[in-house]
Amino acid sequence: MTSLFQFTPDPKLDLVLEREIDVPVELLWEAWTTPDSIKEWFCPKPWSVSSCEIDLRPGGRFNTVMRSPEGDEFPNHGCYLEVVPNQRLVFTDTLLPGFRPAPKPFFTAALLMEPTATGTRYTAYAIHGNEETRKQHEEMGFHDGWNTVVDQLVAHIKASIH
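What you see is a predicted model; the values in this text were computed from it and never measured.

Basis of the calculations
- Residues numbered from 1 in each chain as written.
- Predicted model: local features only at pLDDT ≥ 70, side-chain atom pairs only at ≥ 80, totals over all residues.
- Heavy atoms only, no water.
- Core = buried A, V, L, I, M, F, W, Y, C linked by side-chain atoms within 4.5 Å.
- Buried < 20%, exposed > 50% of the residue type's maximum accessible area, 1.4 Å probe, protein only.
- Helix = DSSP H or I, 4+ residues; strand = E, 2+ residues; numbered from the N terminus.
- Contact = heavy atoms within 4.5 Å.
- Pairing = 2+ DSSP bridges.
- Axes fitted to C-alpha atoms, helices over the stretch in contact; angles between N-to-C directions.
- Salt bridge = Lys/Arg side-chain N within 4 Å of Asp/Glu carboxyl O.

Draft legend 1. Focus on the nonpolar core. Ranked by size, the top nonpolar core spans 35 residues in total, and within it Trp 32, Phe 62 and Tyr 122 carry the most contacts. For this core, the element with the highest residue contribution is helix α4 (residues 142-160), accounting for six residues. Not counting residues within four places of it along the chain, the set of residues in contact with Tyr 122 comprises Leu 17, Glu 18, Arg 19, Ile 21, Leu 28, Trp 32, Leu 111, Leu 112 and Val 150.

Now the structure itself:
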C-alpha cells in the first residue's frame, strides 16, 4: 500500500521523537487504537485521560479529554488522516471528524512503527503549521512529556501481557 504520508521534517515547524522500544509492534498498535488502553498511558501522570473516543478510519474521530491533577478537563478533538495497521497512524486536530475544518488547529501527529529484532522503532512527528505553534509545543514540554508517555505506554503494554 502506498502511503499518503510522505513527509520530510522541517526543524522550524516540526518536533520529532524517535525511540527503540522493546515491545512488539502489534501490541504497540493495539495500545494506540483501544480507548481503554489510551486512558492508561496517553498523558504524563499525574494528568489522566477521562474520556477517549476512537473511530479508526480516515476521517474518523480521535477525541480525548485530558484531566489535570486539579480536576480541570481539556477536550481534544481530531480526526484520523491515515490508518495503516501495525505501521502508521496519522491524526490531526486541524480537522474534525469527517474532515471538517477545526476552529483552532494546533498540530498533526504521525506515528510510524517499524518492527526490529528486539521490538519496535517508534517515530512520532508533531507537525505544526507555523514556527509559533512549534515553539509553543516545545515549551509545553514536548520532549520530556512525549518521552514520559512512551515510557508509560511501554510499561502499560508490558503489564498487560503478564
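Draft legend 2. Inspection of the sheet that holds strand β3 (residues 62-67) at higher detail. Spatial ordering of the open sheet is given by β2-β3-β4, a layout of three strands whose pairing is antiparallel. Two strands close off the open sheet at either side, each with one partner strand: β2 (48-54) and β4 (73-76). Ignoring which end each strand starts from, the neighbouring axes of this sheet average 10° apart.

Draft legend 3. Molecular detail of the pattern of salt bridges. Considering all chains together, one arrives at nine salt bridges under this definition. Its salt-bridge partner being Asp 55, residue Arg 57 comes within 3.0 Å of it at the nearest N-O pair. Exposure remark for Arg 57: the relative accessible area of 43% places this residue in the partly exposed category. Between Arg 88 and Glu 82 there is a salt bridge, with its nearest N and O atoms 3.1 Å apart. For Arg 88, a relative accessible area of 10% gives the class buried. Owing to a relative accessible area of 5%, Glu 82 belongs among the buried residues under this scheme. Taken together, the salt bridges that share partners define one network made up of Glu 18, Glu 20 and Arg 121.

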